[in-house]
Amino acid sequence: MGNRLSKIATRTGDNGTTGLGDGSRTEKDSVRVHTLGEVDELNSFVGLLLCEDMPAGLREELVSIQHDLFDLGGEICIPGYTLITDEHVARLDDLLEKYNADLPPLKDFILPAGSRAASIAHVCRTVCRRAERSIVTLGKTETINEHPRQYVNRLSDLMFVLSRVLNRFAGGSDVLWQHERKRG
């Protein structure tokens, strides 16, 4: 891997194509490449979220998620390859249960707001939903495993829950949508 990364400006993509992990080349605007970009953007936003103050255990879990997202990108980059499994999805299910346990039930819609960390978690959630849509689109034209789609579906739910956790960690609470507010 080190030799492959020793030269970043290869110029091989100047013609509008890019190399996939299996050595094949595809158009830079293909659905597969768009999907890779969505997952990469999500991973970058998780990295931004990690710049914020948060409980140490949550930080470790988010770092693990970043590694998973890198693996997910690898799976998308190599047609027919599997890296994301049931275990990855189950780990997110466990995290959802863990972090939901101490949150009050929602009775109203909440706004993507509050602390900076919570707001970034909401951005992660929305980028995650976009990545999920892209994975679904890719699956309509090419064979892909079901676990990447399931993983990002759970991850978007987890980011919503973590936004609530991070608001509380910062000393705040959910920012409720006020449907009866005066508009003017």
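See the structure shown above.
From a predicted model like this one, the values you see are computed outputs, not experimental measurements.

Considerations on the packing of helix α3 (residues 86–100) against helix α5 (residues 146–169)
Contact geometry of α3 with α5 gives a least axis separation of 9 Å together with a crossing angle of 20 degrees. Considering the angle they form, α3 stands roughly parallel to α5. Remark: the crossing between α3 and α5 carries left-handed chirality. Taken together, the residues of α5 that come into contact with α3 (itself represented by Asp86, His88, Val89, Arg91, Leu92, Asp93, Leu95, Leu96, Tyr99 and Asn100) are His147, Gln150, Tyr151, Arg154, Leu155, Asp157, Leu158, Val161, Leu162 and Val165. In the contact of α3 with α5, the residues fall into 11 nonpolar, four polar and five charged.

Let's talk about helix α1 (residues 31–49)
In this model, α1 (19 residues) spans 27 Å end to end at C-alpha, consistent with the 27 Å of a helix rising 1.5 Å per residue. The complete set of buried residues in α1 reads Arg32, Val33, Thr35, Glu38, Val39, Leu42, Asn43, Val46 and Leu49. Along its buried surface, α1 packs onto β1 (17–19), β2 (25–27), α2 (56–77), α4 (116–141) and α5.

As for the packing of aromatic side chains
Taken as a whole, this structure holds one aromatic pair when the rule is applied. Seen in terms of ring centroids, Phe109 and Trp177 are 5.9 Å apart; in terms of plane orientation they differ by 65 degrees. Their pairing is edge-to-face. Separated by 68 residues along the polypeptide, Phe109 in the loop between α3 and α4 and Trp177 in the segment after α5 bring together distant segments of the chain. Taking relative accessible area as the criterion, Phe109 reaches 62% and is therefore assigned exposed.

Remarks on the side chain of Ser134
In this structure, Ser134 sits in helix α4. Assessed through its relative accessible area of 11%, Ser134 is described here as buried. Setting aside its immediate chain neighbours within four residues, Ser134 contacts Val31, His34, Thr35 and Glu38.

A few points about the environment of Asp29
Within the fold, Asp29 resides in the loop between β2 and α1. Residue classification places Asp29 among the exposed positions, given a relative accessible area of 57%. Taking C-alpha positions, Asp29 is 16 Å from Arg133, a pair spaced 104 residues apart along the chain.

Parameters and conventions
- Residues numbered from 1 in each chain as written.
- Predicted model: local features only at pLDDT ≥ 70, side-chain atom pairs only at ≥ 80, totals over all residues.
- Heavy atoms only, no water.
- Axes fitted to C-alpha atoms, helices over the stretch in contact; angles between N-to-C directions.
- Helix = DSSP H or I, 4+ residues; strand = E, 2+ residues; numbered from the N terminus.
- Parallel < 35°, antiparallel > 145°, perpendicular 65-115°, else oblique.
- Left-handed = near helix turned anticlockwise from the far one by under 90°.
- Contact = heavy atoms within 4.5 Å.
- Nonpolar A, V, L, I, M, F, W, Y, C, P; charged D, E, K, R; others polar.
- Expected span 1.5 Å × (residues − 1).
- Buried < 20%, exposed > 50% of the residue type's maximum accessible area, 1.4 Å probe, protein only.
- Phe/Tyr/Trp six-rings, centres within 6.5 Å; stacked < 30°, edge-to-face > 60°.

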